[in-house]
Amino acid sequence: MPEIISDSDSAYRYASPSMAVDDLGIPYVCYFSEANSALHMSSFDGTQFNVETVQDIDNAGQYCSIAIDSRGQPVMTAYDGTARDPVFYFLYDGMWSEQTIIATSEAEGLYTDLKVDAFGKYHIAYYNSTIKGLIYATNLSGQWETEVVDSTQDVGLNPSIC
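Calculation notes
- Residues numbered from 1 in each chain as written.
- Predicted model: local features only at pLDDT ≥ 70, side-chain atom pairs only at ≥ 80, totals over all residues.
- Heavy atoms only, no water.
- Pairing = 2+ DSSP bridges.
- Helix = DSSP H or I, 4+ residues; strand = E, 2+ residues; numbered from the N terminus.
- Axes fitted to C-alpha atoms, helices over the stretch in contact; angles between N-to-C directions.
- Polar contact = N/O pair within 3.5 Å; in protein donor to acceptor, adjacent residues only side chain to side chain.
- Contact = heavy atoms within 4.5 Å.

### Remarks on the sheet that holds strand 5 (residues 60–68)
With antiparallel pairing, four strands are arranged side by side in an open sheet as 5-6-7-8. Edge positions in the sheet fall to strand 5 and strand 8 (95–100), since each has one partner strand and no second. On average, each strand axis in the sheet is tilted by 25° relative to the strand beside it, whichever way the strands run. As paired strands, strand 6 (residues 74–80) and strand 7 (residues 85–92) are joined by five bridges and run antiparallel to one another. Across the sheet, the residue bridging to Tyr79 is Pro86, located in strand 7.

This is the structure:
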C-alpha cells in the first residue's frame, strides 16, 4: 500500500527525492521542499513516516542523495544553492551536522549521488555547472578530496555511483 510521506497541496512542491533502506528494512527518504527552501529527511517507524528538517537555510539541500553509513545512520549529500557548494550531512549526538565538501562558490555540487563503501568511507558523484563536468569526491584519506572525472562535453547531469 502506498504511503504518503508528506501531504502536499499546490503551494508545496518537493524536489529531488532519494531513498535508502537500512539493514532492518527501515526506509529513509530525503527531499528538498521548494515551499520553504529546506532539506527534509523522513523515516518510517512501522506506522507512519516521521519528517525531520535537516537544513532550513535558504536554498540549502537541493539535489539530495541519502545513504546508510557503517553505524546504520542516514547520511546525505546536497547542493547549497546559496553558497553554491556541495555539502555532506550527518548525525552527530542525535543532531544534524554538515561539512562543506569543497568551497568554490562556482555552482559545484548539483545532482549529488552518495554511496558508502564497506569501510565506511563516502563516495560522491556530482555535476559542476561552471566547468560543465562530472566530479568525484571522497573522504578515503580522512579529508574531502575531489577529482574531475570528465568535462569534455557538458557531462555529469544526474550521475549515479555504485
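Read on for the rest.
### A word on unusual backbone geometry
The backbone of Arg84 shows a phi angle near 65°, a positive value even though the residue is not glycine. Positive phi, normally seen in glycine, also occurs at Lys132, with a value near 55°. The residue Lys132 is located in the loop between strand 10 (122–128) and strand 11 (133–138) in this model.

### What to know about the side chain of Asp69
Assignment of secondary structure puts Asp69 in the loop between strand 5 and strand 6. At 2.8 Å, the side chain of Asp69 and the side chain of Arg71 are in polar contact. When sequence neighbours within four positions are dropped, the list of residues in contact with Asp69 reads Val75, Val116 and Tyr122.

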